[in-house]
Amino acid sequence: MNRTAKTVLGVALVAVAAFGARMLLFGPSDRELIHQALDESIVAGKEGRPGGVLDYLSQSLTVNSEQLVDRRQIADFVRKAKPDVTLGPISPEIQGDMATVLTSVQVRFTGFAMSVDKEIPKVTITLRKESAVKWLVFPASQWRIVSVTAPPESLEGLVPSF
């Protein structure tokens, strides 16, 4: 390898390392990342993109303390029903790698032989900061939803059983 190629390669590696360090040191705040996670998953749901929704759901997701293990059914629901979810005010309480959001949720969708337009008060969304990778190279953190808790009576007839 000649000297010019080594120089170009060296400069490229330094630029990539500097960019990665900048992302790690000066990235968005946890509060901004939580808002981003919730907003992006809601948009993906409206568009029927299950991958965009599943990216923000933890592998250990629970709804009212019941473990949801069949991600394929969640993906199928998102793809077919394209749920339109609107959250009330979001003010995350962050404690280390965990955060909770207490808000109201408006859910609208048509599918599975039903039409739903329902507001659910007092929904608690718990998120956990999990390790991820950005642009296939850089280690990053991503907030993912690990549990959703709502008054049981408000969920009746809302979602087909998973």
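Residues numbered from 1 in each chain as written. Predicted model: local features only at pLDDT ≥ 70, side-chain atom pairs only at ≥ 80, totals over all residues. Heavy atoms only, no water.

S.K.: Please explain the packing of aromatic side chains as it appears in this structure.
M.R.: Each aromatic ring pair is characterised by the separation of its centres together with the angle its planes make. Overall, the coordinates contain 1 aromatic pair when judged by the stated rule. Here the aromatic rings of F77 and F109 are separated by 5.1 Å at their centres, their planes lie at 85 degrees, and the arrangement is edge-to-face. Of the two residues, F77 sits in helix α4 (residues 71-81) while F109 sits in strand β5 (residues 98-111), which places them 32 residues apart along the sequence. (Phe/Tyr/Trp six-rings, centres within 6.5 Å; stacked < 30°, edge-to-face > 60°. Helix = DSSP H or I, 4+ residues; strand = E, 2+ residues; numbered from the N terminus.)

S.K.: Mind showing me how you'd approach the confidence of the model for the chain here?
M.R.: Detailed conclusions should not be drawn from predicted coordinates in areas where pLDDT is low. Averaged over every residue, the pLDDT of the chain is 84; the share at 70 or more is 85%. Across the chain, the secondary-structure element scoring lowest on mean pLDDT is helix α1 (residues 3-26), at 69, and the one scoring highest is strand β4 (residues 93-95), at 95. (pLDDT = per-residue confidence, 0-100.)

S.K.: Which parts of the structure should I look at to understand the pairing of strand β1 (residues 57-63)?
M.R.: In the case of a regular strand, side chains alternate between the two sheet surfaces. Direction of pairing for β1 relative to strand β2 (residues 66-67): antiparallel, over a ladder of 2 bridges. By the bridge assignment, T62 is partnered in β2 with Q67. The hairpin turn running from β1 into β2, its antiparallel successor, is 2 residues long, and N64 in that turn takes a positive phi close to 50 degrees. (Pairing = 2+ DSSP bridges.)

S.K.: What's the story with the pattern of salt bridges in this structure? I'm lost.
M.R.: Two side chains bearing opposite charge may form a pair once their charged atoms approach each other closely. A full pass over the atoms with the stated rule returns 9 salt bridges. In this structure, the salt-bridge partner of R108 is D84, at a minimum N-O distance of 3.6 Å. Here R108, found in strand β5, pairs with D84, found in strand β3 (residues 84-87); they are 24 residues apart in sequence, far enough to count as distant. Its salt-bridge partner being E130, residue R128 comes within 3.0 Å of it at the nearest N-O pair. Look at E130 and you get buried, because its relative accessible area is 17%. (Salt bridge = Lys/Arg side-chain N within 4 Å of Asp/Glu carboxyl O. Buried < 20%, exposed > 50% of the residue type's maximum accessible area, 1.4 Å probe, protein only.)

S.K.: Sorry, what's going on with the side chain of E130 here?
M.R.: Following the sequence through the fold, E130 ends up in strand β6 (residues 114-134). A polar contact is formed between the side chain of E130 and the side chain of S58, at a distance of 2.9 Å. (Polar contact = N/O pair within 3.5 Å; in protein donor to acceptor, adjacent residues only side chain to side chain.)

S.K.: Got a minute to help me understand the nonpolar core in this structure?
M.R.: Within the largest apolar cluster, 28 residues are counted, with the highest numbers of intra-cluster contacts made by I34, L38, L57, I125, L127 and I145. Sorting the residues of this core by element identifies α2 (30-46), α3 (50-54), β1, α4, β5, β6 and β7 (138-149) as the ones contributing at least two each. In contact with I145, not counting residues within four places along its chain, are L38, Y56, L57, S58, L61, I125, T126 and L127. (Core = buried A, V, L, I, M, F, W, Y, C linked by side-chain atoms within 4.5 Å. Contact = heavy atoms within 4.5 Å.)

S.K.: Can you help me understand unusual backbone geometry in this one?
M.R.: Among all residues save glycine, negative phi is the norm, and among peptide bonds the norm is trans. Backbone geometry places N64, a non-glycine residue, at a positive phi of 50 degrees. Along the chain, the position of N64 falls in the loop between β1 and β2. Not every positive phi belongs to a glycine, and S65 is a case in point at roughly 70 degrees. Summarising the element assignment, S65 is placed in the loop between β1 and β2.

S.K.: Before we go on, may I ask you to explain the environment of S141 in this structure?
M.R.: Relative to the helices and strands, S141 resides in strand β7. A relative accessible area of 43% means that S141 is categorised as partly exposed. Separated by 13 residues in the primary sequence, S141 and R128 place their C-alpha atoms 9.7 Å from one another. Apart from residues no more than four positions distant in its own chain, S141 is found in contact with K129 and E130.

S.K.: Would you mind showing me how to read α2 here?
M.R.: Since the α-helix advances by 3.6 residues per turn, residues separated by three or four positions end up pointing in the same direction. Spanning 17 residues, α2 covers 24 Å between terminal C-alpha atoms, matching the ideal 24 Å at 1.5 Å per step. Three or more residues of α2 are buried, namely I34, A37, L38, S41, I42, A44 and G45. On an axial view of α2, the arc spanned by its buried residues comes to 165 degrees, and they lie on one face. Immediately downstream of α2, the backbone of G48 shows phi near 75 degrees, a positive value. (Expected span 1.5 Å × (residues − 1). Arc of directions from axis to C-beta.)

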